[in-house]
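# Secondary and tertiary structure notes
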Amino acid sequence: MSVLTACEWLENTSTGVLVRESLYGFPILAAIHILGLTLSVGTLVWFDLRLAGAAMPRCRVSELYRRLMPWMLTGFAVMLVSGVLLFSGFATKAYENLYFRIKIVAILLASANALFFHFRTERRIARWDAAARPPLPARLAGLISMLVWAAAIMAGRMMSYTMF
């Protein structure tokens, strides 16, 4: 089965049809997706700014992470579920859209950056947790995160102008 065939099948599921053809399905899901994005990436930016050494220099990185992570993960879960549901209604159009592909690549890069940070950079957090200016790898992780999430958001926004 090709990816395009899978997208066609997904669009023809009852969920895909509901999203695409109901009066309120798409606008409600889009609003939920944006709220999830705001909660997830909005709180992530605070953490990234701290990692980059640009904000909250007296706050321990580990403490900020502990406080923000539940909000980031909740927002990400809402964003993921609503995004998959939105995709189900317009899978073939999204599959053919350049901005959708850019968005997916940016999200994958953000994920790789987060995994690298957690499995490599964060291992030495005890050495720099309270430092006003974290080490270069931590600062780069924060900067890369902000850049790739900005790219994902802009590409997602551009999808609205090029798919419909």
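Cut-offs used in this document
Residues numbered from 1 in each chain as written. Predicted model: local features only at pLDDT ≥ 70, side-chain atom pairs only at ≥ 80, totals over all residues. Heavy atoms only, no water. Phe/Tyr/Trp six-rings, centres within 6.5 Å; stacked < 30°, edge-to-face > 60°. Helix = DSSP H or I, 4+ residues; strand = E, 2+ residues; numbered from the N terminus. Buried < 20%, exposed > 50% of the residue type's maximum accessible area, 1.4 Å probe, protein only. Axes fitted to C-alpha atoms, helices over the stretch in contact; angles between N-to-C directions. Parallel < 35°, antiparallel > 145°, perpendicular 65-115°, else oblique. Left-handed = near helix turned anticlockwise from the far one by under 90°. Nonpolar A, V, L, I, M, F, W, Y, C, P; charged D, E, K, R; others polar. Patch = residues over 30% accessible without salt bridge, like charges linked within 9 Å, V, L, I, M, F, W, Y side chains within 5 Å. Areas by Shrake-Rupley, 256 points an atom, 1.4 Å probe, with all protein chains shown as cover. Salt bridge = Lys/Arg side-chain N within 4 Å of Asp/Glu carboxyl O. Contact = heavy atoms within 4.5 Å. Expected span 1.5 Å × (residues − 1). Polar contact = N/O pair within 3.5 Å; in protein donor to acceptor, adjacent residues only side chain to side chain.

## Describing the packing of aromatic side chains
Throughout the structure, instances matching the rule amount to five aromatic pairs. Between Phe-47 and Tyr-65 the ring centres are 5.5 Å apart and the planes differ by 55°, which places this aromatic pair in the tilted class. Taken together, the residues Phe-47 in helix α3 (residues 25-51) and Tyr-65 in helix α4 (residues 61-89) connect sequence positions 18 residues apart. Note on Phe-76 and Trp-149: the rings are 6.5 Å apart at their centroids and 80° apart in plane angle, and the pair reads as edge-to-face. Here Phe-76, found in helix α4, pairs with Trp-149, found in helix α8 (residues 136-163); they are 73 residues apart in sequence, far enough to count as distant. The buried category is assigned to Trp-149, whose relative accessible area is 10%. Taken together, the aromatic side chains of Phe-47, Tyr-65 and Phe-117 make up a single cluster linked through ring pairs.

## Brief notes about the packing of helix α6 (residues 98-119) against α8
Direction vectors running N to C along α6 and α8 enclose 160°, while the axes themselves pass 8 Å from each other. By the angle class used here, α6 and α8 are roughly antiparallel. Of the two possible hands of crossing, α6 and α8 adopt the one that is left-handed. In terms of residue class, the contact of α6 with α8 is built from 18 nonpolar, four polar and one charged.

## Things to note about a nonpolar patch on the surface
Together, Leu-23, Tyr-24, Ile-28, Ile-32 and Val-78 line one region of the surface with nonpolar side chains, adding up to about 500 Å² of accessible area. Counting through the fold element by element, Tyr-24 comes out in the loop between α2 (14-21) and α3.

## Things to note about the packing of α3 against α8
Running from N to C, α3 and α8 point in directions that differ by 150°, and their axes come no closer than 8 Å. By the angle class used here, α3 and α8 are roughly antiparallel. In this structure, the crossing between α3 and α8 has a hand that is left-handed. Contacts from Leu-37, Val-41, Leu-44, Val-45, Asp-48, Leu-49 and Leu-51 in α3 reach Ala-138, Arg-139, Gly-142, Ser-145, Met-146, Trp-149 and Ile-153 in α8.

## Re the pattern of salt bridges
The tally for this structure, following the rule as stated, stands at three salt bridges. Between Glu-63 and Arg-67 there is a salt bridge, with the nearest N and O atoms lying 2.6 Å from each other. One end of the pair, Glu-63, and the other, Arg-67, are both in helix α4, four residues apart, so they sit about a helical turn from each other. Overlapping salt bridges, with partners in common, bring together Glu-63, Arg-66 and Arg-67 in one network.

## Some points on α6
The terminal C-alpha atoms of α6 lie 32 Å apart, and with 22 residues this matches the ideal 32 Å at 1.5 Å per residue to within 8%. On its buried face, α6 sits against α3, α4, α5 (91-95), α7 (125-128) and α8. With a side-chain oxygen lying 2.8 Å from the backbone nitrogen of Tyr-99, the N-terminal cap of α6 falls on Asn-97.

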